[in-house]
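# Fold and geometry: a report
Here are the chains, one letter per residue:
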Amino acid sequence: MEQQADVVFRGGYLVTLDDERRVFTNGHLAVQGNRIVSIGPDAEWRGQAGRSIDARGKVIMPGLVNAHNHLDQIVCRARMDDLPSAGAMSAFAHDQINLWKHAGAEVTATILRLHLLDLLKGGTTAVHDQHFTNIPGENIEGVLGALEESGMRALVSRCHLSEPAMVPAEAIESVDTVLKEVERLRARWKSTRIEVTASPINPSWVATGEELVELREGVRAIGAPFDIDLSGDLWRETFRARGIAGGAVEYCARLGILDDQTLGGKSFQMLPYEYEIWADLGVKACMVPLGRMYREHGPALHHFLAVGVVPGLGTDAPNSHPTTSLWEVMRLCLVGTATRKLAERLAGDPQDADVTPTTETVLEMATIAGARALFLDPAVNGLAIGRAADLIVVDTDRPAFSPRFDNRRLLSSLVWCTEAPMIDLVMVDGTILIENGRSTVWDEEQVIAEAEAAAKMLFEKAGNDRLLPPRLPGQEYRGWKYF
Ligand SMILES: [Zn+2]
């Protein structure tokens, strides 16, 4: 019988990331509704499609998954570059909560659209969000509304804050209040594309271990996955003040709040024995390579791989990592892991030195490992018949990808040379969201202009103008003069 399809891509280089890691060097891929209905060598396409897309000279692969982020922080993009050092995290939390007090749902959605558009244009089809700016409470409606509009997939965590040393008193809530709010948000926004849960951000943003347990139990009862940032060093002081020794992973494992329905984010500066604990509990992982450049000597990907854990990848908030590009993050992950290994060797303690991640490793991390980490629909799992039609088309018919020696170096160039403008088409759940590099959902110029105006308004109302670097005409900054 002839295969019926809505769309067929013909003649592309298909990087499927399916269970057998097949690559079709001259392939076809057909989509009907929201599923892939045919995939294989181009010559084997026998069907009728409403639309045929010429994919010669292009790579077709699963969409990228950004597995750690704080979406509203796009408003502070590149902030970290202003600072001589990372700055105090509690001061940053106060600053963010104070800033977003002036937002509301509409302003939040306006700023979020900019971030989501930027992500989509870089080939990202699913994203994570830990949302902690909950004054006013309606801000998160703007987050979820913009996500719904965008057509992307998402895991959104409505955060619970209660540590007085970290956040202002007015932002402190009870676990019960947060869980009720999460149930309300799920009733309104949860769909096949969007999952909503509660998160403590990091264990140190919540005042007690009892509260962490209460939150974990509540999330379990709701039937949602749990999301917790498991970085170590920033918080060790808070732990010590509470009389807790050891690392964040060890502490949370002891509390019984980590399991295979948990996403463990970031994992900065873990203690050497904590990777085994992580693997034994089956916790999903996500690495944030740029943050690790600031906090330590690069990501410890080799330690995760050594215990059989393949983490997803995230940018983290754009205030610290100004790019939204997972291509950049893949590269940083490879460079950073090499730096980390060198640092361990120089320190005379080379652990797992024989484990070397490759371009194939980071492509897997940025796609299917990220999908697992965000607990997306299990059908989002590489390109194969019956799987979700979440895919991107990269135009590789450019100088950046040559010479390619009959495509034997194409995958390496894909990781090292791809930039957002090379993304031709983005499809999520069978719907084309980017075509010829442009949004099919939004007027791009309008999204940018409205976000600029909203960001300016927020900064003015909160008095954050004083934080912006003096680079206006007539000003001087870091020895450079502006006219
Ligand atoms: Zn984060």
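Residues take numbers from 1 onward in each chain, read along the sequence in its written order. Whole-chain, interface and lining totals are the exception, using all residues; otherwise, since this is a predicted model, local features are given only for residues with pLDDT of at least 70 and side-chain atom pairs are given and counted only at 80 or more. Where side-chain values are given, they derive from all heavy atoms of the structure, hydrogens and water being excluded.

A few words on the state of the cysteines. A pair of cysteine sulfur atoms is labelled a disulfide when the two atoms are within 2.5 Å. A full pass over the atoms with the stated rule returns zero disulfides. Free of any disulfide, cysteine 333 has its nearest neighbouring cysteine sulfur in cysteine 286, separated by 9.8 Å. Here cysteine 417 is not disulfide-linked; the sulfur of cysteine 333 is the nearest cysteine sulfur, at 17 Å.

This paragraph deals with the packing of helix H7 (residues 248-255) against helix H8 (residues 274-281). To obtain each axis, a line is fitted to C-alpha atoms, and for helices this fit is confined to the stretch in contact; angles are then taken between N-to-C directions over 0 to 180 degrees. Comment: elements are numbered from the N terminus, with helices defined as DSSP H or I runs of at least four residues and strands as E runs of at least two. Where H7 contacts H8, the axes come no closer than 9 Å and their chain directions differ by 40 degrees. Between H7 and H8, the crossing angle belongs to the class labelled oblique. As H7 packs across H8, the resulting crossing turns out to be left-handed. Residue-level inspection shows Ala248, Val249, Glu250 and Ala253 of H7 in contact with H8, the latter providing Glu274, Ile277, Trp278 and Leu281. Amino acids are sorted into nonpolar (Ala, Val, Leu, Ile, Met, Phe, Trp, Tyr, Cys and Pro), charged (Asp, Glu, Lys and Arg) and polar (every other residue, Gly among them). Considered class by class, the residues forming the contact of H7 with H8 number six nonpolar, no polar and two charged. When an angle is under 35 degrees it counts as roughly parallel; over 145 it counts as roughly antiparallel; between 65 and 115 it counts as roughly perpendicular; any other value is oblique. Take the far helix as your reference; a near helix turned counterclockwise from it by less than a right angle gives a left-handed crossing, and one turned clockwise gives a right-handed crossing. In this description, contact between two residues means that some pair of their heavy atoms is separated by no more than 4.5 Å.

By the element assignment, threonine 192 lies in the loop between helix H4 (175-189) and strand S9 (194-199). Apart from residues no more than four positions distant in its own chain, threonine 192 is found in contact with Arg153, Asp377 and Asp429.

Attention shifts here to the domain arrangement of the chain. Domain delimitation follows an automatic or database domain assignment. With domains assigned, the chain is organised as domain 1 (3-62 + 383-439) and domain 2 (64-373). Once you take the C-alpha centre of each, domain 1 and domain 2 turn out to be 30 Å apart. At the junction of the two partners, domain 1 supplies 27 residues and domain 2 supplies 25 residues. Taking both sides of the interface into account, the surface hidden between domain 1 and domain 2 amounts to around 2200 Å²; carbon and sulfur atoms contribute 67%. In terms of surface lost to domain 2, no three residues of domain 1 exceed Leu17, Val415 and Trp416, which account for 27% of the buried area on that side. Only one rule defines a salt bridge in this text: a Lys or Arg side-chain nitrogen within 4 Å of an Asp or Glu carboxyl oxygen. The interface formed by domain 1 and domain 2 holds four salt bridges in total. With a shortest N-O distance of 2.5 Å, aspartate 390 and arginine 153 are connected by a salt bridge. Pairs of N or O atoms within 3.5 Å make up the polar contacts considered here, provided that, within protein, one atom can donate a hydrogen while the other can accept it, and that residues adjacent in sequence are counted only when both atoms are side-chain atoms. The tally of links between domain 1 and domain 2 comes to seven residue pairs in polar contact (both at pLDDT 80 or more). Top element by residues in the side of domain 1 that touches domain 2 is helix H13 (residues 410-417). It accounts for six residues. Among the residues making up the side of domain 1 that touches domain 2, the classes are represented as 18 nonpolar, four polar and five charged. For any pair of parts, buried area is found by adding up, for both, the accessible area (1.4 Å probe) each one loses once the two are put together.

Its place among the elements puts tryptophan 189 in helix H4. As a C-alpha pair, tryptophan 189 and arginine 331 span 142 residues in sequence and 34 Å in three-dimensional space. With sequence-adjacent residues up to four places away left out, tryptophan 189 is seen in contact with Glu141, Leu144, Gly145, Glu148 and Ile194.

Moving on: the packing of aromatic side chains. Stacked, edge-to-face and tilted labels apply to pairs of Phe, Tyr and Trp rings (six-membered ring for Trp) whose centres lie within 6.5 Å, assigned for plane angles under 30 degrees, over 60, and everything in between, in that order. Under the definition given, this model contains three aromatic pairs. Summarising the aromatic geometry, the rings of tyrosine 275 and phenylalanine 304 are spaced 5.1 Å apart at their centres and angled 85 degrees between planes, so their arrangement reads as edge-to-face. Of the two residues, tyrosine 275 is situated in helix H8 and phenylalanine 304 in helix H10 (residues 301-306); the sequence distance between them amounts to 29 residues. Take tyrosine 275: its relative accessible area is 5%, and that puts it in the buried class. With a relative accessible area of 1%, phenylalanine 304 lands in the buried category. Geometrically, the ring pair formed by tryptophan 278 and phenylalanine 304 is edge-to-face, given 5.0 Å between the ring centres and 80 degrees between the ring planes. With tryptophan 278 in helix H8 and phenylalanine 304 in helix H10, this residue pair connects regions lying 26 residues apart in the sequence. An aromatic cluster of three or more residues is present, and its members are Tyr275, Trp278 and Phe304. Only protein chains enter the accessibility calculation, which uses a 1.4 Å probe; a residue whose area is less than 20% of its type maximum is buried, one above 50% is exposed, and one in between is partly exposed.

A separate point is helix H1 (residues 89-100). The span expected for a helix works out to 1.5 Å for each residue beyond the first. Between its first and last C-alpha atoms H1 spans 17 Å; for twelve residues at 1.5 Å apiece the expected length is 16 Å, and the two agree. Among the residues of H1, those classed as buried are Phe92, Ala93, Asp95, Gln96, Ile97, Leu99 and Trp100. Those residues of H1 hidden inside the fold are in contact with helix H2 (105-121), helix H3 (139-150) and helix H14 (444-462).

When a protein is soluble and globular, its nonpolar side chains tend to lie buried together. Definition of nonpolar core: a set of buried residues of the types Ala, Val, Leu, Ile, Met, Phe, Trp, Tyr and Cys, connected through side-chain atoms within 4.5 Å. Ranked by internal contacts, the top residues of the largest apolar core, which has 84 residues, are Met61, Leu116, Leu147, Trp278, Leu313, Trp327 and Met330. Looking at which domains feed residues into this core, each of domain 1 (3-62 + 383-439) and domain 2 (64-373) gives three or more. Once residues lying within four places of it in the same chain are set aside, the contact partners of methionine 61 are Val15, Trp327, Leu363, Thr367, Leu383, Asp390, Leu391, Ile392 and Leu414. Core analysis: the next-biggest nonpolar cluster, separate from the first, contains 18 residues, Val7, Phe9, Val31 and Ile432 among them.

What follows deals with the pairing of strand S10 (residues 226-229). The two faces of S10 match: Phe226 and Ile228 on one face and Asp227 and Asp229 on the other face are all buried. Taken together, the four bridges between S10 and strand S11 (residues 262-266) define a ladder with parallel strand orientation. Paired with isoleucine 228 across the bridge in S11 is glycine 264. A strand pair is defined by DSSP finding two or more bridges across the two strands.

This part covers the side chain of aspartate 395. Looking at the element boundaries, aspartate 395 is found in strand S14 (residues 391-395). Of the polar contacts made by the side chain of aspartate 395, one reaches the backbone nitrogen of aspartate 397; its length is 3.0 Å. Those residues in contact with aspartate 395 that lie beyond four places of it in its chain are Gly57, Lys58, Phe401, Met422 and Asp424.

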